[in-house]
Every structure is written in structure tokens, then in C-alpha cells.
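Close look at the chain arrangement
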Number of protein chains: 2
Amino acid sequence: MPQEGTFLRPGYKKGTTMADAKCPECQRINEVLSRVGDRWSVLIVISLAQYGVLRFNALKRHLGISQRMLSLTLRELERDGLVSRTYYPTIPPKVEYALTPLGESFQEPVKAMGLWAMDNLPNIDSARIKYDTEAEQEPKSA
Amino acid sequence: MPQEGTFLRPGYKKGTTMADAKCPECQRINEVLSRVGDRWSVLIVISLAQYGVLRFNALKRHLGISQRMLSLTLRELERDGLVSRTYYPTIPPKVEYALTPLGESFQEPVKAMGLWAMDNLPNIDSARIKYDTEAEQEPKSA
DNA sequence: CCGTATCCGATGAGATACTG
DNA sequence: CAGTATCTCATCGGATACGG
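Quantities reported herein were computed from a predicted structural model and do not represent experimental measurements. (Residues numbered from 1 in each chain as written. Chains lettered and ligands numbered in written order. Predicted model: local features only at pLDDT ≥ 70, side-chain atom pairs only at ≥ 80, totals over all residues. Heavy atoms only, no water.)

**Let's talk about the relation of the copies chain B and chain A**
- Once chain B is rotated about the relating axis by 180° and shifted along it by 0.0 Å, it coincides with chain A to within an RMSD of 0.1 Å. Here the transformation between the copies is reduced to the relation of a two-fold axis. No C-alpha of chain B lies nearer the rotation axis than that of B:Pro109, which sits 3.3 Å from it.
- Most of the interface of chain B is mirrored in chain A, where 97% of its interface residues are also at the interface. (Least-squares fit on C-alpha atoms with pLDDT ≥ 70 in both. Contact = heavy atoms within 4.5 Å.)

**Some points on the interface of chain B and chain A**
- The interface is formed by 58 residues belonging to chain B together with 56 residues belonging to chain A.
- Buried surface at the junction of chain B and chain A, both sides included, amounts to about 5,400 Å², of which 68% is carbon and sulfur.
- Three residues, B:Arg39, B:Arg79 and B:Trp116, lead the burial of chain B against chain A; their summed loss comes to 14% of the area buried on that side.
- The interface formed by chain B and chain A holds eight salt bridges in total.
- Put simply, B:Arg35 and A:Asp125 hold a salt bridge, and the shortest N to O gap is 2.8 Å.
- Taken together, the connections running from chain B to chain A amount to 14 residue pairs in polar contact (both at pLDDT 80 or more). (Buried area = accessible area lost by both parts, 1.4 Å probe. Salt bridge = Lys/Arg side-chain N within 4 Å of Asp/Glu carboxyl O. Polar contact = N/O pair within 3.5 Å; in protein donor to acceptor, adjacent residues only side chain to side chain.)

**Some details on the pattern of salt bridges**
- Counted by the stated rule, this structure contains 14 salt bridges over all chains.
- Note that B:Glu76 is salt-bridged to B:Arg79, the shortest N-O span being 3.8 Å. Of this pair, B:Glu76 and B:Arg79 both sit in helix H4 (residues 67-79), separated by three residues, roughly a single helical turn.
- Assessed through its relative accessible area of 29%, B:Glu76 is described here as partly exposed.
- With relative accessibility at 18%, the residue B:Arg79 sits in the buried group.
- Here the salt bridges share partners, and the residues they tie into one network are A:Glu76, A:Arg79, A:Asp80, B:Arg128 and B:Asp132. (Helix = DSSP H or I, 4+ residues; strand = E, 2+ residues; numbered from the N terminus. Buried < 20%, exposed > 50% of the residue type's maximum accessible area, 1.4 Å probe, protein only.)

Structure follows, in C-alpha cells:
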């Protein structure tokens, strides 16, 4: 088992170097973002916050995520203590995922992001359109 | 100019598909995260929030980011209306970056994330250690 | 049903060299 | 100083196939 992202040589540490950054605070933030800041983690946390408990395939359908990414991301979230996993050895087997207290606490800043997202997507969109339009207007010649 | 990520065929749209997700809310959140949710964007916003105005190389040194990623990320942030760029045609040239009002508003949820990050990195760390220890304990045989 | 293993294209990101 | 261009590699992520 190749341990998908366990130990990387200096200069490449899941996401970025930041080796010679002058800003130690940024390094720590970067470190946390490297752990729970990816898209799928955020979306899984949101889903679990909403529904309380979800089974593997329920999450899969809900998010439209591939089995592979769901499996990998859930394992990481469990490892980081944000998500609990409960296995029922029935036939067919059943596995339930839920937020731990740590996961619940993470849910709050995530929600803040989510709210901002909802409110400001239109602003971003119009900024883009304006930028792109102006860029077309003034090429080298013309 | 290959337009680094402008148009991708279905099944691959900067980050993820989410084509058949049952959850439309997740799709929107995913969309926003695809825009301003990457590590460098977040860290640049934090830096500008802290210092107000920064020049290109100042940001570069502060974050320990490569020229390439800084250039790309700043352009996206400017396009999305989060960052303003002011060019002074002096010799040598001088360019100043700062947050726009939209960028300032984004700074708040980002700060919430940052605070949570600072507070909970230790929790994540210990959860990891526990998880890894227990995993070693109970392999197939033993 | 709940995963894991493998294959493969797409994206992220540093290093380096060059221009105005 | 403030970038752009190119090269190279690591990681993300979907598709598929298989096992418990």
C-alpha cells in the first residue's frame, strides 16, 4: 500500500512548500487547509451537518462524488477526528458516518464560508464579466 | 495562449464534476470553492487583510510562494473582484495589490476558518496519532 | 452494500530562464 | 521589479473492475 500522501520529500508537502515563508501564521493556516480544506471534505462535513447520519452510498448519491474520492476523504476525516464511522456487520453490511464534536465545531466556520459563497457568487460573476469584457476591449493594437 | 482552465468537457470542470449530485446547494458551494477556495487565494487574502497594500515581491517573500503561482492567483483574484491591482509605470516598475470591498467581506469567513485552524490543529494532530496507533495495533494477524 | 486496486487524463505547483 | 514561458513532477479525481 503506497500510503497515498504520507511522506514527501522537502519541497513538496501535500499542497505546497512554504518552506521559506516569512509568515509563520500562514504556515499553520496552510497546514490546516492541507488537511480539511479540500472541496470534498468541506462538502462532506456540510452534508453530515445537515442530515446527522449518512450511509456511504447515501453520501455518494447526495454529492455525486466518486466511490474512490468518497472513500479516501472519509478515511482522512475519520483519521483527523472530524467524522465517526460505525460499522454494522449485517448482511448486507451497513456503515454510518456522522460528525464528531470536533467535526461539529468545524462546521461553523464552514457554514460562514457557505453563506458568504451564496451571497457573493453573483458579485464574483459580474466582476468576471466586467474584467473579461475590458480585457477584450484593449488588446495590443486596434 | 492556452487559456489555462477555461473550457473543459463535461466530466471535468476545475475541481470536480458534481453533475449528478442530488444537492443543488452543494453544487453552488462547490462552485464558489472552485473560485476562491484554493490555498493560495486564501493566504493572499489573509496577507492583504493584514498589511493593507503589498507589492508583488513583498507578497512573494511573505508567503514563500513561487512567482508563477503568485502571478496566476493574483490575476484570478483580480478577475473575481477580490483584489485590486495598481500599476505605477516608474523605473523600475511598481505594482501594488490590495483588497477590494468584496475582498474585505471575504476576509471575514476566511478569518473564522483561520481561527478555527489555530485552535484545532492540536486536536487534529492528537486524533491522527491515536488513529495511527490503533491501526498499527490491530493488523490482520498479530 | 461497502469498499479497495488499477489505470489514466487533468490540474496544481516549483524551478528555471527570459523580457520590459 | 514585475512579470511570462516552458518543463517537469505530484497530486486530484473519475471510470472501471474486483472482493468481502
